[in-house]
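# Structural features, examined
Chain residues, written in single-letter form:
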Amino acid sequence: MADVRDYIRLFDTNNVLKWFFLIMLCGLVLVGESVVLLLAVDRFSRYYVLACLTGSAVIGLLLTWPAVHRIVKHIRKDIAEGEFPKHDMERLLGTIASGILMLIPGFATDCLGLIIFFFGLRRPVGKLIMMKNRDRLFQAYEYLKLYD
């Protein structure tokens, strides 16, 4: 849910430029992904390439879902004990980010998701996500504390 601060950022030209560069980077990733897919279709059958893309999404789901479930279980235990589970929330956000990347069709996003998942980057990625959403996550913590 957007608040006034989100709309005020529209008038900050540096923030708008940052978003333009981020969108341009996403576009470059899509162009690079298209080149890889075209080369793969030339070398292999298009159905094989589609099966690999779909299979990698299923593998991503099978990898990340148990990890998310385990982290959420640990977070709920910490909340029941009255602790704010900062490190576990960072791991959760990083794990969800890696899962989203693995679910998006494409070899580059799959590789990036696997790198985040397996090479100890879940907490640093989660920390980046948490920096922008700290207040909302603390509100969620307070709500869960009352709910559980």
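Residues numbered from 1 in each chain as written. Predicted model: local features only at pLDDT ≥ 70, side-chain atom pairs only at ≥ 80, totals over all residues. Heavy atoms only, no water.

### A word on the confidence of the model for the chain
This is how the line gets drawn: As a per-residue measure, pLDDT tells how confident the predictor is, with possible values from 0 to 100. Each helix is a run of H or I in the DSSP string that is no shorter than four residues. Each strand is a run of E no shorter than two, and both are numbered from the N terminus.
For the chain, the average pLDDT comes to 86, and 97% of its residues sit at 70 or higher. Per-element averaging of pLDDT across the chain places helix α1 (residues 4–8) at the bottom with 73 and helix α4 (residues 86–103) at the top with 92.

### Points about the pattern of salt bridges
Quick note on the threshold: Throughout this description, the term salt bridge denotes a Lys or Arg side-chain nitrogen within 4 Å of a carboxyl oxygen of Asp or Glu. Classification of residues uses two cut-offs on accessible area relative to the type maximum, computed with a 1.4 Å probe and protein chains only: under 20% is buried, over 50% is exposed, and between them is partly exposed.
Throughout the structure, instances matching the rule amount to three salt bridges. Between Arg 91 and Asp 88 there is a salt bridge, with its nearest N and O atoms 3.3 Å apart. Of this pair, Arg 91 and Asp 88 both sit in helix α4, separated by three residues, roughly a single helical turn. When its relative accessible area of 33% is taken as the criterion, Arg 91 is described as partly exposed.

### What about the state of the cysteines?
For the record, the criterion: We call a pair of cysteine sulfur atoms a disulfide whenever their separation is within 2.5 Å.
By the definition in use, this model includes zero disulfides. Take Cys 26: it sits in no disulfide, and the sulfur closest to it among the cysteines is that of Cys 111, at 17 Å. The cysteine Cys 52 is free of any disulfide, with Cys 111 supplying the nearest cysteine sulfur at 12 Å.

### Concerning the packing of helix α2 (residues 13–43) against helix α3 (residues 46–80)
For clarity, the threshold we go by: For every element, the axis is a line fit to its C-alpha atoms; helices are fit only across the contacting stretch, and the angle between N-to-C directions ranges from 0 to 180 degrees. By the definition adopted for this analysis, an angle is roughly parallel if under 35 degrees, roughly antiparallel if over 145, roughly perpendicular if from 65 to 115, and oblique otherwise. Throughout, a contact is declared for two residues whenever any of their heavy atoms are within 4.5 Å. Three classes are used: nonpolar for Ala, Val, Leu, Ile, Met, Phe, Trp, Tyr, Cys and Pro, charged for Asp, Glu, Lys and Arg, and polar for all others, with Gly counted as polar.
It is the contact of α2 with α3, at a shortest axis distance of 7 Å, that shows an interaxial angle of 130°. Between α2 and α3, the angle falls in the class oblique. Residues Leu 37, Ala 40 and Val 41 of α2 pack against Arg 46, Val 49 and Leu 53 of α3. Of the residues that constitute the contact of α2 with α3, the class distribution is five nonpolar, no polar and one charged.

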